[in-house]
Amino acid sequence: MLGSSKAFSGFAVDDLEKAREFYEGTLGVRTTTVGDQELLTLHLAGDRPTLIYPKADHEPATYTILNFPVDDIDAAVDGLTERGVEMLRYDGFGQDERGIAREAGPAIAWFTDPAGNIMSVLEDSGP
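Taking strand neighbours across the sheet as the criterion, the three strands line up as E5-E7-E6 in an open arrangement whose pairing is mixed. The open sheet terminates on both sides in strands that have one partner only, identified here as strand E5 (64–70) and strand E6 (108–112). Strand-to-strand, the axes of this sheet are offset by a mean angle of 25°, without reference to chain direction. Two strands pair when backbone bridges link them, and E5 and strand E7 (residues 118–123) are joined in this way by six bridges, in the parallel orientation.

Okay, the environment of Asp57 next. Inspection of the secondary structure assignment puts Asp57 in the loop between strand E4 (50–54) and E5. By relative accessible area, Asp57 is classed as exposed at 52%. In sequence terms Asp57 and Ala107 are 50 residues apart; their C-alpha atoms lie 34 Å from each other. In this structure the side chain of Asp57 is engaged in a polar contact, spanning 3.1 Å, whose partner is the side chain of Lys55.

Another aspect to go through is helix H1 (residues 16–26). Within H1, burial applies to Leu16, Ala19, Phe22, Tyr23 and Thr26. End-on, the buried residues of H1 take up no more than an arc of 155°, which puts them together on one face. At the N-terminal end of H1, a side-chain oxygen is found 3.0 Å from the backbone nitrogen of Glu17, two or three residues along, and the residue is Asp15. One or two positions beyond H1, positive phi appears at Gly28, with a value near 75°.

Strand order in the open sheet formed by four strands is E1-E4-E3-E2, and the pairing between neighbours is mixed. The open sheet has two edge strands, strand E1 (9–13) and strand E2 (30–33), and neither has a second partner. With direction set aside, neighbouring strand axes in the sheet form an average angle of 25°. Where E1 meets E4, five bridges bridge the pair, whose relative direction is parallel. Each residue of the ladder has a partner; that of Ala12, found in E4, is Tyr53.

So, on to the pattern of salt bridges. With the rule as written, the count across this model stands at seven salt bridges. Two residues, Arg20 and Glu24, come together in a salt bridge whose shortest N-O distance is 3.0 Å. Placement of both Arg20 and Glu24 in helix H1 is noted, with a separation of four residues, approximately one turn of the helix. The salt bridge involving Asp78 is made with Arg98; its shortest N-O contact spans 2.6 Å.

The rules we used
Residues numbered from 1 in each chain as written. Predicted model: local features only at pLDDT ≥ 70, side-chain atom pairs only at ≥ 80, totals over all residues. Heavy atoms only, no water. Pairing = 2+ DSSP bridges. Helix = DSSP H or I, 4+ residues; strand = E, 2+ residues; numbered from the N terminus. Axes fitted to C-alpha atoms, helices over the stretch in contact; angles between N-to-C directions. Buried < 20%, exposed > 50% of the residue type's maximum accessible area, 1.4 Å probe, protein only. Polar contact = N/O pair within 3.5 Å; in protein donor to acceptor, adjacent residues only side chain to side chain. Arc of directions from axis to C-beta. Salt bridge = Lys/Arg side-chain N within 4 Å of Asp/Glu carboxyl O.

Below, the structure is given as structure tokens:
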């Protein structure tokens, strides 16, 4: 029934302007404002727009809301760290000194946006 729908994802933040500054300025993702509403669209590769909306009683997601595949995890983590992004640490994931977990699955590192939502960069080894 909805298989041909152009579905999109969305998530909440507590401060839309801080989100725009982070996604655009820190991560380098193109953003646009939706009409004259307080909505922000992230324009990610693969024609997968993601809607960000403000929520006064926002609580950060306790799971990874966005995953950014990268060719070189070390370079991505270094670049994010240089821009002031702090990698998260989780018990039991065997993360190295930079916060990269390499033991199971693709190499991955987690961080948060200014609203505390969790996202990751993970090494994409291709097909």
